[in-house]
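Residue strings, one per chain:
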Amino acid sequence: NAHRIAVIPGDGIGKEVVPEGLRVLDAVGQRFGCAFHFDTFDFASCDYYLEHGQMMPDDWKAQIGGHDAIFFGAVGWPETVPDHVSLWGSLIQFRREFDQYVNLRPVRLMPGVPTPLANRAPGDIDFYVVRENTEGEYSSIGGRIFPGTDREVVVQETVMTRIGVDRVLRYAFDLAQRREKKHLTSATKSNGISITMPYWDERVEAMAPHYPDVRWDKYHIDILTAHFVQHPDWFDVVVASNLFGDILSDLGPACTGTIGIAPAGNINPERHFPSLFEPVHGSAPDIAGKFIANPVGQIWSAALMLDHLGEREAGAAVVRAIEEVLARSEYRTRDLGGTAGTTECGEAIADAVLSG
Ligand code: NAI
Ligand code: MG
């Protein structure tokens, strides 16, 4: 029973780094005996839009909804299609229609990657940010009255549902329980936001007794951002609402180096729908076509996908292979100060998986 993967390269360097992710997955197949079936789709790209006047075919859900996961590159080519059209017509549709309510981002300091944080070595920083991805502060409930006058009023509501909060907390506690440190940190702001955030805290307290071996704490979001920079070694799994998680999931990877290596998962844990794995970076039109893009973000996304598919040993092996290759300067791409091309770096990681 092969894992069925929908492959969507998208635009720009997406088309250059996705093949490197597939190369590494092929190596994983050989090394660990897991089988993959890949179907590649040309939609969710600006080329598709230019030809068809829309980002995706009307039956896109039927075409990819039955797959076990989506392996996504990057979408966007602002020269020909405005970003809000390309993004809302593709990625945002996937997240919503496939109920990908967890946004997962590992924060891990890799060897050979310059960090803006002083005195930090690989091993010091290794945690996950779990962001709620469907509700919270990003609701469309609200409005504006008396527009353009002195009496102008603008309101946007935060929505937290018991189901919505509990399911992301459960995911985060489960993840913490599987990890060595078994430590969960909740991001809150219940001193200032006096209705929704105390509710979030209350649900964390209600969930915690189900995970007696997980140690947990909470910080207000303002001081938490400071701790990310000053004490990144304190964290193991950090769970946050949509807005707080959005901020933390950019801050975390920024603390550990370049945008070229950071991965992300948009996850529907129940597997009612496929989850989507993608690098954090976009299509990078400024370097597209030169095959100098760093493929590590895409390859690390493949590792997250393997974890999600239950191939945890293989996922860990891919992360180890990335670390092994980044530690050697000859395979680093230009964004890391090296001279290697996209393919050289990808081949080295695939080789490391095979021989690891
Ligand atoms: P970007 O992430 O594409 O590029 C930002 C900068 O980082 C550029 O200088 C680029 O050369 C560099 N960079 C990015 N990935 C790299 C890699 N793998 N190796 C080496 N350098 C890398 O963000 P930007 O320029 O704001 O957006 C370009 C397009 O990508 C836009 O259309 C935007 O909407 C789209 N985008 C799509 C995303 C997605 O598909 N999830 C996420 C972010 C942006
Ligand atoms: Mg963001």
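Since the structure is predicted, the reported quantities are computational estimates derived from the model, not experimental observations.

Each value, and the rule that gives it
- Residues numbered from 1 in each chain as written.
- Chains lettered and ligands numbered in written order.
- Predicted model: local features only at pLDDT ≥ 70, side-chain atom pairs only at ≥ 80, totals over all residues.
- Helix = DSSP H or I, 4+ residues; strand = E, 2+ residues; numbered from the N terminus.
- Rg over C-alpha atoms; globule rule 2.2 N^0.38 Å.
- Buried ≥ 20, exposed ≤ 12 C-beta atoms within 10 Å, placed from the backbone.
- Contact = placed C-beta atoms within 7 Å.
- Pairing = 2+ DSSP bridges.
- Axes fitted to C-alpha atoms, helices over the stretch in contact; angles between N-to-C directions.
- Domains from an automatic or database assignment.
- Nonpolar A, V, L, I, M, F, W, Y, C, P; charged D, E, K, R; others polar.
- pLDDT = per-residue confidence, 0-100.
- UniProt positions renumbered as here; feature names shortened; annotations may be inferred.
- Core = buried A, V, L, I, M, F, W, Y, C linked by C-beta atoms within 7 Å.
- Parallel < 35°, antiparallel > 145°, perpendicular 65-115°, else oblique.
- Left-handed = near helix turned anticlockwise from the far one by under 90°.

## Focus on the overall build of the chain
- Within the chain one finds 12 helices and 12 strands.
- The C-alpha atoms of the chain give a radius of gyration of 20 Å, which matches the 21 Å a tight globule of 356 residues would have.
- The C-alpha extent of the chain, read off along each of the three principal axes, is 55 × 50 × 40 Å.
- When each of the 356 residues of the chain is scored for burial, the buried share is 47%.
- The contacts in the chain between residues at least 6 apart in sequence include a share of 75% that link residues at least 24 apart.

## Section: unusual backbone geometry
- For D99, which is not glycine, the phi dihedral falls at a positive 45 degrees.
- Residue placement: D99 occurs in the loop between α5 (91–97) and β4 (102–108).

## Some thoughts on the sheet that holds strand β1 (residues 3–10)
- Taken in spatial order, the 10 strands of this open sheet run β2-β1-β3-β12-β11-β4-β5-β10-β8-β9, and their pairing is mixed. Because the sheet does not close on itself, it has two edges, and the strands there are β2 (36–40) and β9 (215–220). On average, each strand axis in the sheet is inclined to that of its neighbour by 20 degrees, with strand direction left out of account.
- When strand β5 (residues 126–132) meets strand β10 (residues 237–240), the two strands line up parallel, connected through 4 bridges. In the sheet register, V130 faces β10, and the bridge partner there is V239.
- Contacts from helix α1 (residues 14–32) reach β1, β2, β3 (69–74) and β12 (275–279) within the one sheet, and its direction differs from that of β3 by about 145 degrees.
- Contacts between helix α8 (residues 221–230) and the sheet are confined to β8 (183–188) and β9, with β9 contributing the most and set at about 110 degrees to the helix.

## What about the pairing of β4?
- Counting buried positions along β4 gives 7 out of 7 residues, so the element sits mostly inside the fold.
- The side-chain alternation of β4 yields two buried faces, one formed by V102, L104, P106 and R108 and the other by N103, R105 and V107.
- Two elements, β4 and β5, share 7 bridges in a ladder whose sense is antiparallel. Paired with N103 across the two strands is R131, which belongs to β5.
- In this sheet, strand β11 (residues 263–267) lies alongside β4 in antiparallel orientation, the contact comprising 3 bridges. Note that in β11 the partner of L104 across the bridge is G265.

## A word on the domain arrangement of the chain
- Domain annotation of the chain identifies domain 1 (1–100 + 269–356) and domain 2 (126–255).
- Each of domain 1 and domain 2 has a C-alpha centre, and these two points are 27 Å apart.
- Of the residues lining the interface, 5 residues belong to domain 1; the matching set on domain 2 comes to 4 residues.
- Classifying every residue of the side of domain 1 that touches domain 2 gives 2 nonpolar, 1 polar and 2 charged.

## Some remarks on the confidence of the model for the chain
- In this model, the chain carries a mean pLDDT of 96, and residues with pLDDT of at least 70 account for 100%.
- The ipTM assigned to the predicted complex is 0.98, against a pTM of 0.95.

## Some thoughts on the UniProt feature "domain: Isopropylmalate dehydrogenase-like" (unreviewed entry) in the chain
- Here, UniProt's "domain: Isopropylmalate dehydrogenase-like" (unreviewed entry) annotation points to residues 4–349.
- Helix makes up 38% of residues 4–349 and strand makes up 19%, while its end C-alpha atoms are separated by 23 Å.

## A few points about the environment of A293
- One can find A293 in the loop between β12 and α10 (296–308).
- When the C-alpha positions of A293 and P82 are compared, they lie 23 Å apart, and in sequence the two are 211 residues distant.
- Not counting the four nearest positions on each side in its chain, A293 is found in contact with I13, E16, V17, G260, A284, I287 and T342.

## Describing the pairing of β11
- The buried count for β11 comes to 5 of 5 residues, which makes it a mostly enclosed element.
- Residues P263, G265 and I267 point to one face of β11 and A264 and N266 to the other, with burial holding for every one of them.
- Bridging between β11 and β12 involves 4 bridges; their strand directions are antiparallel. Bridge pairing in β12 links N266 to L276.

## Section: the nonpolar core
- V130, A172, V238 and V318 are the most contacted members of the largest nonpolar core, which totals 103 residues.
- Counting the residues that make up this core, at least three belong to each of domain 1 (1–100 + 269–356) and domain 2 (126–255).
- Discounting residues that sit within four places of it in the chain, A172 has contacts with V130, L184, V237 and V239.

## Overview of the packing of α1 against α10
- As a packed pair, α1 and α10 sit with axes 8 Å apart at the nearest point and diverge in direction by 45 degrees. With respect to α10, the axis of α1 lies oblique. Here α1 and α10 pass one another in a crossing that is right-handed. Along its contact with α1, which presents V17, V18, E20, G21, V24, L25 and V28, the element α10 presents Q298, I299, S301, A302 and L306.

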